[in-house]
Each structure stands twice: as C-alpha cells, then as structure tokens.
Amino acid sequence: MGDILIVDDERDIRELIADILKDEGFTTRLAANSDDCMSQIEAEPPALMILDIWLKDSDMDGIDILKAVKRDRPDIPIVIISGHGNIEIAVAAIKQGAYDFIEKPFNIDQLMVVISRAMETSRLRRENTELRRKDDGLGEMIGSSSAFKVLKSQLDKVTKSNGRVMLTGPAGSGKEVAARYIHANSNRADAPFITVNSASIEPDRMEEVLFGRETPEGTIEPGMLEQANGGVLYFDEVADMPAGTQSKILRVLVDQQFQRVGGVSKTHVDIRVISSTNKDLESEISAGNFRQELYHRLNVVPISVPSLEERREDIPELAEHFIEALNTNQGLPLRELSGEAQALLQTMMWPGNVRQLKNVLERVLILGNGNGPIEAKELPQPDEPSADTDRVVLSGSLATLPLREARELFEREYLMTQINRFGGNISRTASFVGMERSALHRKLKSLNVVTSNKAGSRVAHVEDTTDA
C-alpha cells in the first residue's frame, strides 16, 4: 500500500506505530535520529513520513528535517507528532509544508485517518500531474512523411539520456509536442513536465516565478524549478528570457542548485532542461540579446522541427487526428475530409504551421452544418473573393503577364505545389496531375524545376541557373 518512514527518538513509539501500520498493510522503515532519517530518504524516498518534532542526539530537529525534505522532495507528505504540542508549533509545522500535526499521546484511529488522507492527497496530486501531462494528446507524434520520420528518429535518440536539447523551428510547428514526446518516453516520464513561457512572464517577476520565494515568516512558495524537480523543465521560446535571468539560469545549469527570492539557503534540484526557439540564437548573441555561455549550455543536442510546408504529406493524417481530438474534448462533430478538401489543405499556405491547421479545422467544425464530409468550399479561400465558384481569380501579378509567361508561371507554381504536397514523389504527382512520368520530367526540366533534400524530404524549387 505504501512505504512509510517513522522518525522518533523513542523506540517504543517507533515500534508501536510500525506495528499498527503493518497491521493495516503498510510497509515501514524506522529512524531514531536525523542522520539515519536523511540517509534513508536519500537512499529511497518514502511514500509518507511520520516525524517527531523533538529528536535527542540529533543535529537537526523535526522542523529542520521538515524544511530540508520539503525543499528537496516536496511531494513527500509529512505528518508531525509531538509530546509538547502547542498552537505555535503546529502553525510553524503547517507553514513549512507539513500535512498535519498530531499531539502525543495520540489516538490510533485519529492517526490512521490522517495517514490515509495524506496518502490519498499525495496520490491525487500525482494523478492530476499525469492527467495534465496527457491532456489533449500532448506528446503524441503524428505523421509518416520523410521529414517527420527524420525528426522522430532524432527525438528517439535523446529520450533515454539526460542531455539538454534545443528545439528550433517556426512558431506553431510543434516544438512543445516534440519536447513532451522526449519526456513521455524518458526515464523521467512519471515526474513533472513544467513549461516556462519565457515571453509571457513579466521580466520583473521571472526570478520569483522560476526560483520561488521565502517570506520573513518562513513560508515557502516553490517556483517552477522546484516544481520540476526530478522531471523536465521546458523553456518555451528561450530567446525571450530577460538578460538578468539568463545569467542566473546559467548558474543553475552548472550547480543544479539555486536560492529562492528572499531566502538564504541553497535548494538542490535534479532537472532535465529542454529549450525551444523560433529565432536565430547566434544572431541574438551577436546583437547582445542572449548570453553565449547559456546558448552553449542549452544547445547540447540541437534538433530542427520542420514547418508544415516541409511535411505536407502529413496534413491529412494530422487533420484526422485533430478532428478526433476536437470531437473527444469539445464534443464537436466527427466529420471526414472530402478528397477535394484534403487536396486544398495540402496546397494552402500555412504560416502558422500545425497550430494554424488545428485552428482552421476547429473553426470549420464549429461553423459547419451537418455531420457529412468536410467539403473544400468550407475551408478558408482568401484568393477567391467572388461567390462565383466557376471562375479562378488571378493574382494581380499573373493578370499583367502575356499568356505564354503567365502559363509558364502558373505551371511552375502548380507543379511545385503538387510535388511538395506528395513529399517529392514524382510518380504520385504524375498520377494526380494526369501526366506520364516521363512527360512530367520533361515539363519540369523545361520549367527549371528540380527537387532536393530538405528536412529529410524532397522539396521542389526553381533551379538557380546564374553563374557562380
């Protein structure tokens, strides 16, 4: 049921409590002094502690032990017992993080009720953390394109290590999903995943948010570093971190310890750091906006997260995943995509990447009528202001060209879009556009269109014919 550490300098009390708990199905460990207590916690943290305030022949009393445990292992519930109970001692213990205070001689039934409630509270907190981590399928990687497979292969290589990872890629490309995938498949999966949104926290509050604070009365408010102890701390858009905080985070990465705002003692943590950015950090370093030492500490394993444009093949699969998630989480209609809608989604521009795709589908499901397939006409079509669906609206630049040049420009852009839609697969492109493969190759050559590897997939682009 649970491992309980009993810390009391009176042997009879230790053994009495242990016998009672064993009869209730708990396993117990005993400690007579602070040294024995701390060494047992270091060897294997218990599920709960029963801790006496006054300990003879010890370097630390119960309050000192309580402070140390709550500093380094805040998830362990602690029940304080004392034969010299008074309101002041009880209040001090609760302020330092004790679950409850029981005065000796205690009632056995009262003790069991408090222990049961403390264990249940601890269990619920762990379950809530786990549920938050799994919410909305975060950490689930979706895709089958070459670019996606390269990304997933790189992520799989770093899951079992504790190396710091720097994820780079445009906004909305799924950097946090990649970070959560690393965490969910690591040996820290049962520990917290804490996200620090560097851009949304006020600069003058950043240190308090990260390091926590201590009041003059001794009350402790844990920061994100303590909340992430044992798990992962994820710096989202780390380039936006205030300069003053950068130097202090650098010291934490070196020492794995820090000092709370208003505190005097050092707090030790065991965390793995994953960072992300959509900026060029080397340019930010040159501009004096980011510390070079911090960059080298964070950029141990750099991994690039491709844009949606680089993985257009994944759009139908991603769309199906989002529609199912929106149905499960929000009760929106569970609709399929028509073939025309899929084709349009794969050829649209996605400056907001995967996040924009999800938002578009959510809007369609909210505003759409019925439960039938999603049709192309329901999707955003900014280039078609007219309601006449039989016409193709020309862009201003295309309309000003002679027919031959306009046709060449259209064919180039159309074929490049289709090739990228199919991940550089010429056979699938030829089949869709209705051309023989050899004829398509000749047409691409005449249009100076070539394909090359980018982010693990074939991408079409216009060949640079200028002399070097």
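Computed from a prediction, not measured in an experiment: that's the story for all the values here.

A short note on a negative patch on the surface
Phase 1 of the analysis: A surface patch of like charges, here negative, comprises Glu317, Glu320, Glu324 and Glu336.
Phase 2 of the analysis: When you line up the elements, glutamate 336 lands in the loop between α13 (315-330) and α14 (339-347).

Quick look at the sheet that holds strand β2 (residues 27-31)
Phase 1 of the analysis: Spatial strand order, β2-β1-β3-β4-β5: 5 strands in an open sheet with parallel pairing. At either end of the open sheet lies a strand with only one pairing partner, and these are β2 and β5 (100-103). The sheet shows a mean angle of 20° between the axes of neighbouring strands, direction not considered.
Phase 2 of the analysis: Taken strand by strand, helix α1 (residues 11-23) contacts β1 (3-7), β2, β3 (48-52) and β4 (78-82), and its axis lies near 170° from that of β2.

With respect to the packing of helix α2 (residues 34-43) against helix α3 (residues 62-72)
Phase 1 of the analysis: One can describe the packing of α2 onto α3 by two numbers: an axis separation of 11 Å at closest approach and a directional angle of 15°. One finds that α2 runs roughly parallel with respect to α3. For the crossing formed where α2 meets α3, the hand is right-handed. In this structure, α2 contributes Ser34, Cys37, Met38 and Ile41 to the contact, and α3 contributes Ile65, Ala68 and Val69.

Overview of the side chain of threonine 159
Phase 1 of the analysis: Here threonine 159 is to be found in the loop between α6 (146-158) and β6 (165-168).
Phase 2 of the analysis: Within the structure, threonine 159 has its side chain in polar contact with the backbone oxygen of aspartate 156 (distance 3.1 Å).
Phase 3 of the analysis: Beyond its immediate sequence surroundings of up to four residues, threonine 159 is in contact with Tyr181, Ile182, Asn185, Ser186, Asn187 and Arg272.

Things to note about the nonpolar core
Phase 1 of the analysis: Leu233 and Phe235 are the most contacted members of the largest nonpolar core, which totals 30 residues.
Phase 2 of the analysis: Secondary-structure elements contributing two or more residues to this core are β7 (193-197), α8 (206-211), α9 (224-227), β10 (232-236), α10 (243-255), α11 (281-286) and α12 (292-298).
Phase 3 of the analysis: Among residues more than four places away in sequence, those in contact with leucine 233 are Ile194, Val196, Met224, Leu225, Ala228, Ile271, Arg272, Val273 and Ile274.
Phase 4 of the analysis: Judged by nonpolar contacts, the second largest core, of 22 residues, contains Leu337, Leu345, Leu361 and Val364.

Here we look at the packing of helix α17 (residues 403-421) against helix α18 (residues 426-433)
Phase 1 of the analysis: The N-to-C vectors of α17 and α18 enclose an angle of 125°; their axes lie 9 Å apart at closest approach. In terms of axis orientation, α17 runs oblique to α18. Considering only the axes of α17 and α18, their crossing is right-handed. Contacts between α17 and α18 pair Tyr414, Leu415, Gln418, Ile419 and Arg421 from the former with Ile426, Thr429, Phe432 and Val433 from the latter.

Reading the values: the criteria
Residues numbered from 1 in each chain as written. Predicted model: local features only at pLDDT ≥ 70, side-chain atom pairs only at ≥ 80, totals over all residues. Heavy atoms only, no water. Patch = residues over 30% accessible without salt bridge, like charges linked within 9 Å, V, L, I, M, F, W, Y side chains within 5 Å. Areas by Shrake-Rupley, 256 points an atom, 1.4 Å probe, with all protein chains shown as cover. Salt bridge = Lys/Arg side-chain N within 4 Å of Asp/Glu carboxyl O. Lys, Arg positive; Asp, Glu negative; His and termini not counted. Charge placed at Lys NZ, Arg CZ, Asp CG, Glu CD. Helix = DSSP H or I, 4+ residues; strand = E, 2+ residues; numbered from the N terminus. Pairing = 2+ DSSP bridges. Axes fitted to C-alpha atoms, helices over the stretch in contact; angles between N-to-C directions. Contact = heavy atoms within 4.5 Å. Parallel < 35°, antiparallel > 145°, perpendicular 65-115°, else oblique. Left-handed = near helix turned anticlockwise from the far one by under 90°. Polar contact = N/O pair within 3.5 Å; in protein donor to acceptor, adjacent residues only side chain to side chain. Core = buried A, V, L, I, M, F, W, Y, C linked by side-chain atoms within 4.5 Å. Buried < 20%, exposed > 50% of the residue type's maximum accessible area, 1.4 Å probe, protein only.

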